[in-house]
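Close look at the chain arrangement
So you can see what is in the structure, the chains are spelled out below.
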Amino acid sequence: MTLHQTGTFQTPNASKYLQQLCKHFAHKVAVEYDETQGRAALPAGPARLSASAEALQVEISAETEEGLARARSVIDDHLKRFAFREGFEGMSWA
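The following paragraphs examine the structure supplied in this document. (Residues numbered from 1 in each chain as written. Predicted model: local features only at pLDDT ≥ 70, side-chain atom pairs only at ≥ 80, totals over all residues. Heavy atoms only, no water.)

Enumeration according to the criterion identifies two salt bridges in this entry. Ionic pairing is found between Arg48 and Glu59, a salt bridge with its closest N-O pair at 3.0 Å. Taken together, the residues Arg48 in strand β4 (residues 45-51) and Glu59 in strand β5 (residues 55-62) connect sequence positions eleven residues apart. The exposure class of Arg48 is partly exposed, given its relative accessible area of 42%. For the salt bridge of Arg70 with Glu66, the shortest nitrogen-to-oxygen distance reads 3.8 Å. You can see Arg70 and its partner Glu66 sitting in helix α2 (residues 65-82), four residues apart, about one turn around the helix. (Salt bridge = Lys/Arg side-chain N within 4 Å of Asp/Glu carboxyl O. Helix = DSSP H or I, 4+ residues; strand = E, 2+ residues; numbered from the N terminus. Buried < 20%, exposed > 50% of the residue type's maximum accessible area, 1.4 Å probe, protein only.)

Structure below.
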């Protein structure tokens, strides 16, 4: 059974962060993206990213809770570096 979680980061810079994440992940995994949508083949499972004027949303999938935790950590850790000016601490995951 595949598990899913969606993370949301309220920011007016969602498109910028989506593109930064995808460019960064493209060094290691298969990635497709434009200004508002992205897909990254993370090792734990695929991530789908979408950007609106108000928020960045990331939907992750994995086979295990451990995989979801790893994917959450990868996304949050990278955004902490990219969005430090906004005081980013972590996405709100549901």
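Bringing the packing of aromatic side chains into the picture now. In the structure shown here, the tally under the stated rule is two aromatic pairs. Taking the centre distance of 5.9 Å and the plane angle of 25° together, the rings of Phe9 and Tyr17 count as stacked. An identical accessibility class is assigned to Phe9 and Tyr17; each is buried. For the ring pair Phe9 and Phe88, a centre distance of 4.5 Å and an interplane angle of 65° mean the geometry is edge-to-face. One end of the pair, Phe9, is in strand β1 (residues 3-10); the other, Phe88, is in the loop between α2 and β6 (92-93), and 79 residues separate them in sequence. (Phe/Tyr/Trp six-rings, centres within 6.5 Å; stacked < 30°, edge-to-face > 60°.)

All quantities given are derived from atomic positions and should not be read as evidence of function.
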